[in-house]
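# Structural description and commentary
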Amino acid sequence: MQKHKVVTIQRHIVEQERLFPRATGDFTGLMWDLTLAAKTISREVNKAGLADILGITGEQNVSGDTVKKLDVYANERIFKAMDHGGHLCVMASEENEDIIPIPDEFPKGKYVLMFDPLDGSSNIDANVSVGTIFSIHRKKTTGKEATIEDCLRKGTEQVAAGYIVYGSSTMMVYTTGQGVHGFTLDPSIGEFLLSHENIKIPSKGKIYSINEGNANTWDEGTKKYIAYLKESDAATGRPYSLRYIGSLVADFHRNLLYGGIFLYPADYKDPKKPKAKLRLLYEAAPLALIVEQAGGLASTGKERILDIQAAELHQKAPLIIGSKEDVLMYEKFFKQK
Ligand code: AHM
Ligand code: MG
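One structure accompanies this document, and this report is about it.

Calculation rules
- Residue positions are counted from 1 within each chain, in the order its sequence is given.
- Chains carry letters from A onward and ligands carry numbers from 1 onward, assigned in written order.
- Local features in this predicted model are restricted to residues whose pLDDT is 70 or higher, and side-chain atom pairs enter the listing and the counts only when it is 80 or higher, whereas totals over whole chains, interfaces and linings include all residues.
- Side-chain numbers here rest on the full set of heavy atoms in the structure, without hydrogens or water.
- Candidate patch residues must exceed 30% relative accessible area and have no salt bridge, after which like charges are joined if within 9 Å and Val, Leu, Ile, Met, Phe, Trp or Tyr side chains if within 5 Å.
- Surface accessibility in these figures is a Shrake-Rupley result with a 1.4 Å probe; residues are shielded only by whichever protein chains are displayed.
- For this analysis, a salt bridge means a side-chain nitrogen from Lys or Arg found within 4 Å of a carboxyl oxygen belonging to Asp or Glu.
- His residues and chain termini do not enter the charge count, which takes Lys and Arg as positive and Asp and Glu as negative.
- For this purpose, a charge sits on NZ of Lys, CZ of Arg, CG of Asp or CD of Glu.
- The way it works is that DSSP assigns letters per residue, a run of H or I at least four long becomes a helix, a run of E at least two long becomes a strand, and they are numbered from the N terminus.
- Distances decide who is a donor: an N, O or S atom must be within 2.8 Å of the metal, or within 3.2 Å for Na, K and Ca. Water is not included, so sites may look incomplete.
- Each residue is placed in one exposure class: buried if its accessible area under a 1.4 Å probe, protein chains only, is under 20% of its type's maximum, exposed if it is over 50%, and partly exposed if it falls in between.
- Aromatic pairs are defined between Phe, Tyr and Trp rings, using the six-membered ring for Trp, whenever the two ring centres lie within 6.5 Å; interplanar angles under 30 degrees are classed as stacked, those over 60 as edge-to-face, and all others as tilted.
- Only strands joined by at least two bridges in the DSSP assignment are considered to pair.
- Two residues form a contact once any of their heavy atoms are found within 4.5 Å.
- Axis definition: a line fitted to C-alpha atoms, limited for helices to the stretch in contact. Angles are taken between N-to-C directions and run from 0 to 180 degrees.
- Being near a molecule or strand, for a residue, means having at least one of its heavy atoms within 4 Å of it.
- By the criterion applied in these results, polar contacts are pairs of N or O atoms within 3.5 Å in which, for protein atoms, one can donate a hydrogen and the other can accept it, and in which residues neighboring in sequence qualify only through two side-chain atoms.
- Residue type decides the class: Asp, Glu, Lys and Arg count as charged, Ala, Val, Leu, Ile, Met, Phe, Trp, Tyr, Cys and Pro as nonpolar, and the leftover types, Gly among them, as polar.
- Note that the domain bounds reflect an automated or database-derived domain assignment.

All right, on to a positive patch on the surface then. On the surface, a cluster of positive charge is made up of Lys272, Lys273, Lys275, Lys277 and Lys316. Position of Lys316 among the secondary structure elements: in the loop between β12 (297–299) and β13 (319–322).

Written out as structure tokens, the structure is:
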């Protein structure tokens, strides 16, 4: 007899949806479609290095299709898996300049899906983990067709958010506001199985993750904070260890499990025009919902990420995210500068 019960992601989603008495099953359907896209992308990511050996690089692959870069492939997979289910009214992707309407021939639903199809894709050739990030909202406008207003939202309005990390194994982590749950793909049966129930991030970590090559562009607060983390002080667990993969989902996932802080502060080369790198709607807001549900925090240094009202589809934001005590300490330094 097996000791633990095996819970597939589908069963878990259905059980979560039952917590809402008026649920229609629509959300379960949406997540079902999304897991299918995740499995397909996982398969392609896992065989990325075989392309040369199998002779499918170059202009055309074996079936005569033009070979696509994996991020473009992932973008299309998600769109094609999600366009016809009748659950969505509109999508938006980091890869597309404008909102992505649902084709006319398919029914429209009440949900909005925003995603980064393959974050960190510049790492793929070196076999480094990459990920997909998603954010789900309810339609807000009342007209028949969804508009950009349905996408320009505050993170607090998210119905669900999650990511898939294509690493030493493929994992999907999601929240619907009822805690954070992680599922590992069992490739032999093609199912995501519950492996990390109710993830909680340690309240303080020993890891910091930042691109130190940008140190010259940081504001004074960030410079002082990073210097502080490197000082020796056994009582406060310093120095911290630096771990930076350069692949947001992988860096975030590790810190979520072990505790720690990830920072992508703004570039202050021109102090009047600080420039952030990461996208609010596809990267910062969904990970912020996850980290808060796990007991952590996500901030720009002075503002809670989930409270930012998006004004543009590709708006960027500084992202400081991780263990609660670490993010609070960063905010102190940032305010002092
Ligand atoms: P991308 O969306 O073009 O892949 O860029 C986002 C990535 C993140 O995964 C990662 O955290 C960051 O860019 C790394 O940036 P840098 O190379 O500047 O450290
Ligand atoms: Mg990205």
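Another point: the coordination of the magnesium ion (ligand 2). Here the magnesium ion (ligand 2) is held by the protein donor atoms Glu94 (OE), Asp116 (OD), Asp119 (OD) and Glu283 (OE), which lie 2.0 to 2.5 Å from it. If you list the donors of the magnesium ion (ligand 2) from N- to C-terminus, the spacing comes out as E-x21-D-x2-D-x163-E. Here Glu94, found in the loop between β1 (88–93) and β2 (100–101), pairs with Asp116, found in strand β3 (residues 111–119); they are 22 residues apart in sequence, far enough to count as distant. Judged by its relative accessible area of 1%, Asp116 is buried.

Going through the model one piece at a time under the given rule, you end up with nine aromatic pairs. Plain terms: the ring middles of Tyr163 and Phe252 are 5.7 Å apart, the flat faces sit at 90 degrees to each other, and that makes the pair edge-to-face. One end of the pair, Tyr163, is in strand β5 (residues 160–166); the other, Phe252, is in helix α5 (residues 248–258), with 89 residues separating them in the sequence. Taken individually, Tyr163 and Phe252 each receive the classification buried, so the pair is uniform in this respect. Through successive ring pairs, a cluster of aromatic residues spans Tyr225, Tyr228, Tyr330, Phe333 and Phe334.

Strand order across the open sheet formed by eight strands is β2-β1-β3-β4-β5-β6-β7-β8, with mixed pairing between neighbours. Looking at strand neighbours, the two that pair on one side only are β2 and β8 (191–196), the edges of this open sheet. Helix-sheet contacts for helix α2 (residues 26–46) involve β1, β3, β4 (130–138), β5, β6 (170–175), β7 (180–186) and β8, and the interaxial angle to β4 is about 165 degrees.

On to the site of ligand 1, then. Lining the immediate surroundings of ligand 1 are 15 residues, of which Asp119, Asn211, Tyr244, Leu248 and Tyr264 lie closest. At a separation of 2.8 Å, an oxygen atom of ligand 1 approaches a polar backbone atom of Gly120. Separating an oxygen atom of ligand 1 from a side-chain N or O atom of Tyr244 is a distance of 2.5 Å. Its free accessible area being 470 Å², ligand 1 has 76% of it covered by the protein chains. Among the residues making up the shell around ligand 1, the classes are represented as five nonpolar, five polar and five charged. Summarising the domain contributions, the shell around ligand 1 has at least three residues from each of domain 1 (9–196) and domain 2 (207–336).

Assignment of secondary structure puts Asp33 in helix α2. In this structure, Asp33 is buried with no salt-bridge partner, the nearest side chain bearing the opposite charge being Arg77 at 10 Å. Those residues within four positions of Asp33 in sequence are excluded, and the remaining contacts are Ala81, Met82, Gly85 and His87.

Among the secondary structure elements, Asp251 is positioned in helix α5. One polar contact links the side chain of Asp251 to the main-chain amide nitrogen of Ile245, over a distance of 2.9 Å. For Asp251, the side chain forms a polar contact with the main-chain nitrogen of Gly246, separated by 3.0 Å. Filtering out sequence-adjacent residues up to four positions away, Asp251 remains in contact with Ser209, Arg243, Tyr244, Ile245, Gly246 and Phe262.

By themselves, these figures tell us nothing about what the structure is for.
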